[in-house]
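Spelled out, the chains give:
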Amino acid sequence: MGKIYIIDVTNRDGVQTAKLGLSKLEKTLINIYLNGFGVFQSEFGFPTTHHEQLYLQANLELAQMRVLQPIRLGGWVRAMKEDVELAFQRLPQLKHINLSISTSKQMLSGKFQGRRNFKDIIKSMTEAVDAAKSHGAESIGINAEDASRTNIKALIEFGLAGKAHGAHRLRYCDTLGYDNPFSIYESAKALAEAIKIPIELHCHGDLGMAVANSLAGAKGAIDGGQDAYINTTVNGIGERAGNADLVAVALAILKSKDFAGKYQMGKSIDLSKSFKIARFASYAFKVPIPINQPGVGANAFAHASGIHADGVLKDAGTYELYDFTELGRGEPELVETGREIITGQYSGISGFRHVMGQIIGGIAADGHVDGDMSLTFKNDKEAGEILELVRYANVEAQKPLVEEELLFIAKYPEIARKLLTLRPLDGD
Ligand SMILES: [Zn+2]
């Protein structure tokens, strides 16, 4: 029986969302958290975009250093030979890639204004797959944008052509959130049966069904005899009404009726990282977690009415499907209510030493802050160098950094230096 894997696209779909964005340091921390959560692959960015170069390189270095292991880091490019060539020219170490192109009639006539027909689409995609293979890509996904409005026969033709050239997965993009669980189940099953490669489900929330559609699509792919890959974003942040929320998808797979215990994850999920990753993304995107967000919202384990409170006090299972401790909630937190010294872009050495001295803990490879080792510097020179990087991180983030970011900079100063270096090309 096929398994379910998660490919998180926060660092691609999430950051291309209108009015929202992440600094390169924040994107890196998201990758570290995703790794700790058990996400199979992070779609970590855009290899053809110049300002992503040093960030992408730095994250591939973190993978080599085993900080970002075992998570896979995958790039996203348009399914065009020129884009693939440029991606590998700029990032030769890239091993995983998704190639995206529109497949629906609406997109062909609306976006390409009739300049390209379906044959041109297939040609562009297969040439892109060939190019990715020639550069040593170990996994190649082909993305059918607007798949839910594409004729199923055309999608099968697209998938078979990609497979014949060596593509490993077909991404079924419900780009407009048009599907419902019944329709996506049928489509995913038909594609899995006909093309016989794993199916990725990329669902949006325009009709409020992103998580439900992801699960139904995954079931379709597995019932069709293939593995399923669900695309998620942290807190569901994504274009317009957003994508399928990472924590909600994991909860739905692991806890829902007739899914729990039957459909297996290809890689085990550590739900106890849920609260931390949701809160970090909320801080980084500057978007509060909705009060009723599954698992991580402020009301997810709150009870007021007499009957509910009485029931839950006698037996939590009466009105709760899962326990808050499973999601890493319930730990006491220290909140400073008196004097605060904060690091900023104009901070000096004494304030910085004070802040770093107060941070208890160290950052582990999975993004978990633990231990009770205070951070100390060898000498003023070292402290000064780290402070300079912290100042730059503040210039980019325009908000006080959180502990995990300060610790990351102190632990990996050379990586941080790359993440904080932004140099526009002249005349390119
Ligand atoms: Zn999308």
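Everything discussed here concerns the structure shown above.
Notes on the structure in this doc start here. (Residues numbered from 1 in each chain as written. Predicted model: local features only at pLDDT ≥ 70, side-chain atom pairs only at ≥ 80, totals over all residues. Heavy atoms only, no water.)

## Let's talk about the packing of aromatic side chains
Under the defined criterion, the tally for this structure stands at 11 aromatic pairs. Relative to Tyr-55, the ring of Phe-44 has its centre 6.2 Å away and its plane inclined at 50°; by these criteria the two rings are tilted. A residue pair is termed long-range when its members are at least 10 positions apart, and Phe-44 in strand 2 (residues 41–45) and Tyr-55 in helix 3 (residues 53–64) qualify at 11 residues. In this structure an aromatic cluster arises from ring pairing among Tyr-5, Phe-40 and Tyr-229. Above the ring of Tyr-229, the side-chain terminus of Arg-169 is found at 5.2 Å from the ring centroid. Here the guanidinium or amino end of Lys-399 rests over the ring plane of Tyr-283, the centre of that ring lying 5.0 Å away. (Phe/Tyr/Trp six-rings, centres within 6.5 Å; stacked < 30°, edge-to-face > 60°. Helix = DSSP H or I, 4+ residues; strand = E, 2+ residues; numbered from the N terminus. Lys NZ or Arg CZ within 6 Å of the ring centre and 35° of its normal.)

## Structural notes on the packing of helix 4 (residues 81–90) against helix 6 (residues 118–134)
Two quantities define a packed helix pair, namely the angle between the helix axes and the distance between the axes. Here helix 4 crosses helix 6 at 20°, and the two axes come no closer than 8 Å. By the angle between their directions, the pair helix 4 and helix 6 is classed as roughly parallel. The handedness of the crossing between helix 4 and helix 6 is right-handed. When helix 4 is examined against helix 6, the residues Lys-81, Val-84, Glu-85 and Phe-88 are found in contact with a partner set consisting of Glu-127, Ala-128, Ala-131 and Ala-132. Partitioned by chemical class, the residues of the contact of helix 4 with helix 6 number five nonpolar, no polar and three charged. (Axes fitted to C-alpha atoms, helices over the stretch in contact; angles between N-to-C directions. Parallel < 35°, antiparallel > 145°, perpendicular 65-115°, else oblique. Left-handed = near helix turned anticlockwise from the far one by under 90°. Contact = heavy atoms within 4.5 Å. Nonpolar A, V, L, I, M, F, W, Y, C, P; charged D, E, K, R; others polar.)

## Digging into the coordination of the zinc ion
Donor atoms from the polypeptide that coordinate the zinc ion comprise Asp-13 (OD), His-202 (NE2) and His-204 (NE2), at 2.0 to 2.1 Å from the metal. If you list the donors of the zinc ion from N- to C-terminus, the spacing comes out as D-x188-H-x1-H. Residue His-202 shares its accessibility class with His-204, and that shared class is buried. (Donors = N, O, S within 2.8 Å, 3.2 Å for Na, K, Ca; no water. Buried < 20%, exposed > 50% of the residue type's maximum accessible area, 1.4 Å probe, protein only.)

## Brief notes about the side chain of Gln-41
Considering the arrangement of structural elements, one finds Gln-41 in strand 2. Contact partners of Gln-41, with chain neighbours within four places excluded, come to Ile-6, Ile-7, Asp-8, Ile-71, Arg-72, Gly-74, His-96, Asn-98, Ser-139 and Arg-169.

## With respect to the sheet that holds strand 6 (residues 169–174)
Taken in spatial order, the eight strands line up as 1-2-3-4-5-6-7-8 and close into a barrel, and their pairing is parallel. Taking the axes of each pair of neighbouring strands and ignoring which way they run, one obtains an average angle of 25° across the sheet. Strand direction decides the pairing type here: strand 4 (residues 96–102) and strand 5 (residues 139–145), joined by seven bridges, are parallel. Residue pairing for strand 5: Asn-98 is matched across the bridge by Gly-141. Most of the contacts of helix 6 go to strand 4, to which it runs at about 170°, and overall it touches strand 4 and strand 5. Relative to the sheet, helix 8 (residues 181–195) contacts strand 6 and strand 7 (199–203), its axis offset from that of strand 7 by approximately 155°. (Pairing = 2+ DSSP bridges.)

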